Amino acid sequence: MSWAIFLCALLLCGSNCFAYKIQNKSWWNNTVFYQIYPRSFCDSDADGIGDLKGITSKLDYIAETGINAIWLSPIYTSPMVDFGYDISDFVNIDPIFGSLKDFKILLARAKKLGLKVILDLVPNHTSDKHIWFQKALRGHKKYKNYYIWADGRNNDDKTPPNNWISVFGGSAWTYVKSLNQWYFHQFEYRQPDLNFRNPAVRKEMLNVLKFWLDLGVDGFRVDSAPFIYENPELLDEPKSNIDGATSREHKYLKHIYTMDLIDTYKLFGKWRKFLDLYASKRNQDRKLMLMEAYSDSKYTMQYYYYDLVPFNFNFITNVNATSSAQKFKQQIDLWMNSMPRGKIANWAMGNHDNPRVASRYPNRSDQMTMLSMVLPGLTVTYNGEEIGMVDKRDISWEDTQDPQGCIAGKEKFKSTSRDPERTPFQWDATKNAGFSTANSTWLPVHQNYKELNLANQMAADKSHYKIYKTLAHMHRTEPALTEGSYKSITTNNGTVLGIIRNKGSRVVLLLINFSNEEQQVVDLSQEELPSKLKVKVSSMGSKVIHGKLVDVNKMSLPAQDTVIYTSI
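None of these values were measured; they are calculated from a predicted model.

## Quick look at the domain arrangement of the protein
Alright, step 1. Domain annotation of the protein identifies domain 1 (32-126 + 199-459), domain 2 (131-184) and domain 3 (484-566).
Alright, step 2. Between domain 1 and domain 3, the C-alpha centre-to-centre distance is 32 Å.
Alright, step 3. Each side of the interface is counted separately: domain 1 has 18 residues, and domain 3 has 25 residues.
Alright, step 4. Interface of domain 1 and domain 3: buried area, both sides summed, is about 1700 Å²; carbon and sulfur atoms make up 66% of it.
Alright, step 5. By the criterion of area lost to domain 3, the three top residues of domain 1 are Arg 364, Met 370 and Val 374, representing 37% of everything that side buries.
Alright, step 6. Between the two partners, domain 1 and domain 3, sit 0 salt bridges.
Alright, step 7. Applying the counting rule to domain 1 against domain 3 returns 9 residue pairs in polar contact (both at pLDDT 80 or more).
Alright, step 8. Mapped by element, the contributors of at least two residues to the side of domain 1 that touches domain 3 are α12 (325-338) and α14 (365-374).
Alright, step 9. Residue contributions to the side of domain 1 that touches domain 3 peak at 7 residues, all from α12.
Alright, step 10. Grouping the constituent residues of the side of domain 1 that touches domain 3 by class yields 9 nonpolar, 5 polar and 4 charged.

Set out below in structure tokens:
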């Protein structure tokens, strides 16, 4: 069947005509996702960089922890200007990480362990080294139309076509002298944007999806989703009037013509149908599309209407270590109440682009893990968060790798570099924290690795890891969490946040004391709970005893403590 006929059939066929063939349609509900940053996870060949064989060697650990899906940050062939987010071949593995054979072995082992595998897809742009762009630079008409080109405002090499600004700062346009035109790039100048108004580009990306689906992947995390389409008239964007924003910063403008356009949602809606048709024809589990979108809530929620799952970054962008219990409740309820009926929530506490949870919330990393695991839907953990790894903030200018930091320059790199949260995983107290036997690693290992490492935490009576493991298994198997109702409360004059999950006789209650100084005695006798509950797990440092029975009308909650209780 030709692609044209296939796509016509796809568009004519509503999801109802084949949904009955799709297996396990919402498998990601109650799933624990684990983001692996391949460069920093495990190095199998002593070159100082993590790789696929290293990941495969740790899959048993991941499965035993209670995780049931992994998301791999980009592993495609790349010049590594933006560490894999600048792709030069969408259908191959970069030799730094291994080979397609290595990836197939990883997939086979993951499936044997019951782990779903999600790939990071970067459709917005390619590397400037991609063959398509190389041909475009040579003036090849077909491939030139794969990208977005325009004449300068004054038909010269000094004035870009408009005022659009790159996410990384400066003009979003770069001039090519041989073509006497400018090309558009929402990110680094070596990451030219693809032109999705060209049907040939749309077809190419469907081919990419099918390639990885044929290998057996279970879905995609779609990078930079809001940026896919731009205003075709290239209209100037208005100023944001944000205090302190300079004319070179992305936040200087309101991105009404370069983000969140309706065409973007429509494209991804067609991809959703493409994935559904693929799965239904093969009687496979439904494929996931998880959308990365740092957008206002009104735009983020739009993805749900196209049967997609937008990342929830509210715990990263909208709250911090000084936020109150009421502020946390507000952010949780905002997502739950804004979602269209019947959709699945998700809770991302961190990722490779943001400071680590334990650094953002000192002495409260368990609190954030426990909160995400008790809330409805899927939860996402960035590798290392399960052991409470912290940012390495003393990386020197000479050791800085992140292009965002390098572009900022020697004076400002510390405030923009994402390297501190990308340091190697701390497996044990041996050389390089057990990450690599190389003499040096691509980023330096955090100096605290001899104390803070997985091996120590596995051996300890209580640790961040053991708390995480308990919660991961609960999230997937406890009926009150997998099927139960949800209610958020604040009590004790706004000092305590509570989450109540209830399914028949099963109850799970989370209480967080936001006071750093004062113990709270909580009375929840009005919440229609059993008269007594049992302590299931508490945060590190807590003196609340595991297994203790407590009266719901006088639950003692020490300062800073987070405790999860269950029905007896």
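## A look at the pattern of salt bridges
Alright, step 1. What the rule picks out here adds up to 30 salt bridges.
Alright, step 2. Salt-bridge contacts for Arg 221 lead to Asp 120; the nearest nitrogen and oxygen are separated by 2.7 Å. With Arg 221 in strand β9 (residues 219-222) and Asp 120 in strand β5 (residues 116-121), the pair connects residues that are 101 residues apart, well separated along the chain.
Alright, step 3. Of the charged contacts in the structure, one is a salt bridge between Asp 263 and Arg 197, with a shortest N-O distance of 2.9 Å. Residue Asp 263 is located in helix α8 (residues 262-281), and its partner Arg 197 is located in the loop between β8 (181-184) and α7 (199-215); the two are separated by 66 residues in the primary sequence.
Alright, step 4. Classification of Asp 263 as partly exposed rests on a relative accessible area of 25%.
Alright, step 5. For Arg 197, a relative accessible area of 35% puts it in the partly exposed group.
Alright, step 6. Taken together, the salt bridges that share partners define one network made up of Asp 82, Asp 353, Asp 402, Arg 418 and Arg 422.

## Remarks on the confidence of the model for the protein
Alright, step 1. Of the residues in the protein, 96% reach a pLDDT of 70 or more, and the chain-wide mean stands at 95.
Alright, step 2. Low pLDDT, under 50, characterises residues 13-19; the predicted model gives this stretch 6 contacts beyond four residues in sequence or across chains.

## Some points on the nonpolar core
Alright, step 1. Ile 62, Phe 103, Phe 220, Phe 268, Trp 271, Phe 315 and Leu 371 are the most contacted members of the largest nonpolar core, which has 118 residues in total.
Alright, step 2. Look past the residues within four positions of Ile 62 in its chain and what remains in contact with it is Tyr 34, Ile 36, Phe 41, Ile 67, Ile 70 and Leu 115.
Alright, step 3. By size, the runner-up hydrophobic cluster in this structure holds 18 residues, among which are Ile 489, Val 496, Leu 511 and Met 555.

## A short note on α14
Alright, step 1. Across the 10 residues that make up α14, a large majority, 10, are buried.
Alright, step 2. By the burial criterion, the buried members of α14 are Ser 365, Asp 366, Gln 367, Met 368, Thr 369, Met 370, Leu 371, Ser 372, Met 373 and Val 374.

## As for the packing of helix α4 (residues 100-112) against α7
Alright, step 1. Relative to each other, α4 and α7 sit at 55°, their axes nearing to 10 Å. One way to sum up the angle between α4 and α7 is to call them oblique. Mapping the contact onto sequence places Leu 100, Phe 103, Lys 104 and Leu 107 in α4 and Phe 211, Trp 212 and Leu 215 in α7.
Alright, step 2. When grouped by side-chain class, the residues that make up the contact of α4 with α7 number 6 nonpolar, no polar and 1 charged.

## Topic: the sheet that holds strand β18 (residues 532-538)
Sheet strands pair by backbone hydrogen bonding; their relative direction is either parallel or antiparallel.
Alright, step 1. Taken together, 6 strands build an open sheet; the order of strands is β14-β15-β16-β21-β18-β19 and the sheet is antiparallel. The outermost strands of the open sheet, each flanked by one partner alone, are β14 (485-491) and β19 (549-551). Here the average twist between neighbouring strands, direction ignored, is 30°.
Alright, step 2. Inspection of the sheet shows β18 paired to β19 by 3 bridges, in the antiparallel sense. Along β19, the bridge assignment pairs Lys 534 with Leu 549.
Alright, step 3. Its contacts with the sheet place α12 against β14 and β15 (496-503), and it is angled at close to 155° to β14.
Alright, step 4. Where α14 meets the sheet, its contacts fall on β15, β16 (506-513), β18 and β21 (562-566), and the angle it forms with β16 comes to roughly 150°.

## Focus on the packing of aromatic side chains
Alright, step 1. In the structure shown here, the tally under the stated rule is 40 aromatic pairs.
Alright, step 2. Where Phe 103 meets Trp 212, the ring centres are 5.5 Å apart and the plane angle is 90°; that geometry is what we call edge-to-face. Here Phe 103, found in helix α4, pairs with Trp 212, found in helix α7; they are 109 residues apart in sequence, far enough to count as distant. Taken as a pair, Phe 103 and Trp 212 share a single burial class, namely buried.
Alright, step 3. Relative to Trp 149, the ring of Phe 133 lies with its centre 6.0 Å away and its plane at 10°, an arrangement referred to as stacked. Linking Phe 133 in helix α5 (residues 131-137) with Trp 149 in strand β6 (residues 149-150), this pair joins segments that are 16 residues apart in sequence.
Alright, step 4. Grouping aromatic residues by their ring pairs yields a cluster made of Tyr 34, Phe 41, Tyr 61, Phe 425, Trp 427 and Tyr 465.
Alright, step 5. One cation-aromatic arrangement involves Arg 39 over Trp 442; the distance from NZ or CZ to the ring centre is 4.4 Å.

Rules used throughout
- Residues numbered from 1 in each chain as written.
- Predicted model: local features only at pLDDT ≥ 70, side-chain atom pairs only at ≥ 80, totals over all residues.
- Heavy atoms only, no water.
- Domains from an automatic or database assignment.
- Contact = heavy atoms within 4.5 Å.
- Buried area = accessible area lost by both parts, 1.4 Å probe.
- Salt bridge = Lys/Arg side-chain N within 4 Å of Asp/Glu carboxyl O.
- Polar contact = N/O pair within 3.5 Å; in protein donor to acceptor, adjacent residues only side chain to side chain.
- Helix = DSSP H or I, 4+ residues; strand = E, 2+ residues; numbered from the N terminus.
- Nonpolar A, V, L, I, M, F, W, Y, C, P; charged D, E, K, R; others polar.
- Buried < 20%, exposed > 50% of the residue type's maximum accessible area, 1.4 Å probe, protein only.
- pLDDT = per-residue confidence, 0-100.
- Core = buried A, V, L, I, M, F, W, Y, C linked by side-chain atoms within 4.5 Å.
- Axes fitted to C-alpha atoms, helices over the stretch in contact; angles between N-to-C directions.
- Parallel < 35°, antiparallel > 145°, perpendicular 65-115°, else oblique.
- Pairing = 2+ DSSP bridges.
- Phe/Tyr/Trp six-rings, centres within 6.5 Å; stacked < 30°, edge-to-face > 60°.
- Lys NZ or Arg CZ within 6 Å of the ring centre and 35° of its normal.

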